[in-house]
Amino acid sequence: MQFAGKLISVIELTSSKKNNLLTAAAGLAVGIVNGLLGAGGGMIAVPLLKKLGLSQKQAHANAVAVILPITVLSAVLYLIKGYVRFSDCLIFIPGGLVGSLIGTYCLKKISPKWLKRIFSGFMVYAGVRLLLR
């Protein structure tokens, strides 16, 4: 029920046509980045969701909900095209599931200020790492 309330809040915030177009364009950008790079959609989604009025924690939680169907679709398309072998990915799934549970638990405990710092740190780290490789 709480998720439905948050979703309704997001829908109400995007009720005008201009906001709907901007929100659709933002969704397109998130999908393109996530599909093309295999990651990064959440880095775009979080700031955009915050612009829509969600708190830091709500933006992170909703970004996961936004990225899930996009990631599933991208993964299926990559499997069909032969870019991915499920056997290569299988080793990461158990740890990823456990990590997801830990991350969800930590999100409840961490302050929005520290969440923002950690998120920003990962963005900077990822950018620097890509530039130096």
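Bear in mind that the values here come from a model prediction, so they are computed numbers and not experimental data.

Let us look at the packing of aromatic side chains. Any two aromatic rings considered together are summarised by their centre-to-centre distance and by the angle between their planes. For the structure shown, the criterion picks out one aromatic pair. Here the aromatic rings of Tyr78 and Tyr83 are separated by 5.8 Å at their centres, their planes lie at 75°, and the arrangement is edge-to-face. Classification of Tyr83 as exposed rests on a relative accessible area of 63%. Sitting above the plane of the Trp114 ring, Arg117 keeps its charged end 4.8 Å from the centroid.

What follows deals with helix H3 (residues 41-51). Every buried residue of H3 is accounted for by Gly41, Ala45, Val46 and Leu49. Looking down the long axis of H3, one finds its buried residues gathered within 125° of arc, a one-sided arrangement. Positive backbone phi, at 105°, marks Gly53, one or two positions downstream of H3.

So, about the environment of Ile67. Along the chain, the position of Ile67 falls in helix H4 (residues 56-81). Filtering out sequence-adjacent residues up to four positions away, Ile67 remains in contact with Val30, Asn34, Gly41 and Gly42.

Our next topic: the pattern of salt bridges. For the structure on display, the rule yields one salt bridge. Across the salt bridge formed by Asp88 and Arg85, the nearest N and O atoms sit 3.0 Å from each other. Among the residues examined, Asp88 registers a relative accessible area of 41% and is labelled partly exposed. What makes Arg85 exposed here is its relative accessible area of 53%.

The next thing to look at is the packing of H3 against H4. With their axes 8 Å apart at the nearest point, H3 and H4 run at an angle of 135° to one another. By the criterion of interaxial angle, the relationship of H3 to H4 is oblique. At the point where H3 passes H4, the crossing takes the right-handed sense. The segment H3 lies against H4, with Gly41, Gly42, Ala45, Val46, Leu49 and Lys50 engaging Gln56, Ala59, His60, Asn62, Ala63 and Ile67.

One finds Val30, Ala45, Val46, Leu49, Leu52, Leu54, Ala59, Ala63, Ile67, Ile70 and Phe119 forming the largest nonpolar core, which totals eleven residues. Elements that contribute at least two residues to this core include exactly H3 and H4. No other element matches H4, which puts four residues into this core. The residues contacting Phe119, other than those within four sequence positions of it, are Gly42, Met43, Val46 and His60.

So, on to the packing of H3 against helix H7 (residues 112-132). Packing of H3 against H7 brings their axes to within 11 Å, and their N-to-C directions diverge by 145°. Seen from above, H3 lies across H7 with left-handed handedness. Taken together, the residues of H7 that come into contact with H3 (itself represented by Gly42, Met43, Val46 and Lys50) are Lys116, Phe119, Phe122, Met123 and Ala126. By residue class, the composition of the contact of H3 with H7 is six nonpolar, one polar and two charged.

It is worth spelling out the environment of Asn62 at this point. Inspection of the secondary structure puts Asn62 in helix H4. Judged by relative accessible area, Asn62 falls into the buried class, the value being 10%. Spatially, the C-alpha atoms of Asn62 and Ala45 are 8.5 Å apart, while their sequence positions differ by 17 residues.

About the thresholds
- Residues numbered from 1 in each chain as written.
- Predicted model: local features only at pLDDT ≥ 70, side-chain atom pairs only at ≥ 80, totals over all residues.
- Heavy atoms only, no water.
- Phe/Tyr/Trp six-rings, centres within 6.5 Å; stacked < 30°, edge-to-face > 60°.
- Buried < 20%, exposed > 50% of the residue type's maximum accessible area, 1.4 Å probe, protein only.
- Lys NZ or Arg CZ within 6 Å of the ring centre and 35° of its normal.
- Helix = DSSP H or I, 4+ residues; strand = E, 2+ residues; numbered from the N terminus.
- Arc of directions from axis to C-beta.
- Contact = heavy atoms within 4.5 Å.
- Salt bridge = Lys/Arg side-chain N within 4 Å of Asp/Glu carboxyl O.
- Axes fitted to C-alpha atoms, helices over the stretch in contact; angles between N-to-C directions.
- Parallel < 35°, antiparallel > 145°, perpendicular 65-115°, else oblique.
- Left-handed = near helix turned anticlockwise from the far one by under 90°.
- Core = buried A, V, L, I, M, F, W, Y, C linked by side-chain atoms within 4.5 Å.
- Nonpolar A, V, L, I, M, F, W, Y, C, P; charged D, E, K, R; others polar.

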